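Coordinate analysis (summary)
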Amino acid sequence: MRVGYTRMPERTSEERFLVLAADAVDGLPEWVHEAMDNVEVFVEDLPPSDEPGLLGLYHGVPLSERGNHYAGALPDHITLYRVPIEQEARGSDDRLRRIIAHTVAHEVAHHFGISDDRLREIGAY
């Protein structure tokens, strides 16, 4: 899995965000890395205009829904939205690190087929 940016970072905060996003992905447990399949993580500045507070989004076919004939597909995407995450962190580097890590874990859970309802049930939302 790799972390990419849709354009070259221009400001230090963008570069710092990429480092923290890569750290969050690298910090996932080894079994998660071993079980994940065909996923890339990207950072975009802003979420879709109809969801301005969205922190992250998983696009793809969850592992739980892939059949035996799933092959040759383009990678799934996890997108982190930098501006709302930074706004949520309110200038705290420690809070920024935690929010990014939580958002990565949340979207990875969707890759495994875990719904928002289930995440709420287990207190991980």
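**Details of the nonpolar core**
What tends to happen in soluble globular proteins is that the nonpolar side chains get buried as a cluster. If you look at the biggest cluster of nonpolar residues, it comprises 22 residues, and the most contacted ones within it are Leu 80, Ile 100 and Val 104. Within the residue set of this core, elements represented by two or more residues are helix H1 (12–26), strand E2 (39–44), strand E4 (76–81), helix H3 (82–89) and helix H4 (93–111). For this core, the element with the highest residue contribution is H1, accounting for 6 residues. Setting aside its immediate chain neighbours within four residues, Val 104 contacts Ala 24, Val 25, Leu 28 and Leu 80.

**Section: H4**
Compared with an ideal rise of 1.5 Å per residue, which puts 19 residues at 27 Å, H4 spans 27 Å between its outermost C-alpha atoms and is within 8% of the ideal. Within the span of H4, buried status applies to Leu 96, Ile 99, Ile 100, Thr 103, Val 104, His 106, Glu 107, Val 108, Ala 109, His 110 and His 111. Just downstream of H4 lies Gly 113, where phi reads positive at about 95°.

**Section: H3**
Restricting attention to buried positions, one finds in H3 the residues Arg 82, Pro 84, Ile 85 and Ala 89. Arg 90, located one to two residues past H3, shows a positive phi value of around 50°.

**A closer look at the pairing of E4**
Within E4, 5 of the 6 residues are buried, leaving the element largely enclosed by the surrounding structure. With 6 bridges connecting them, E2 and E4 associate as parallel partners. Its bridge partner being in E4, Val 43 is matched across the sheet by Leu 80. Across 4 bridges, strand E3 (residues 56–59) lies against E4 in antiparallel orientation. Residue pairing for E4: Leu 57 is matched across the bridge by Thr 79.

Criteria and cut-off values
Residues numbered from 1 in each chain as written. Predicted model: local features only at pLDDT ≥ 70, side-chain atom pairs only at ≥ 80, totals over all residues. Heavy atoms only, no water. Core = buried A, V, L, I, M, F, W, Y, C linked by side-chain atoms within 4.5 Å. Buried < 20%, exposed > 50% of the residue type's maximum accessible area, 1.4 Å probe, protein only. Helix = DSSP H or I, 4+ residues; strand = E, 2+ residues; numbered from the N terminus. Contact = heavy atoms within 4.5 Å. Expected span 1.5 Å × (residues − 1). Pairing = 2+ DSSP bridges.

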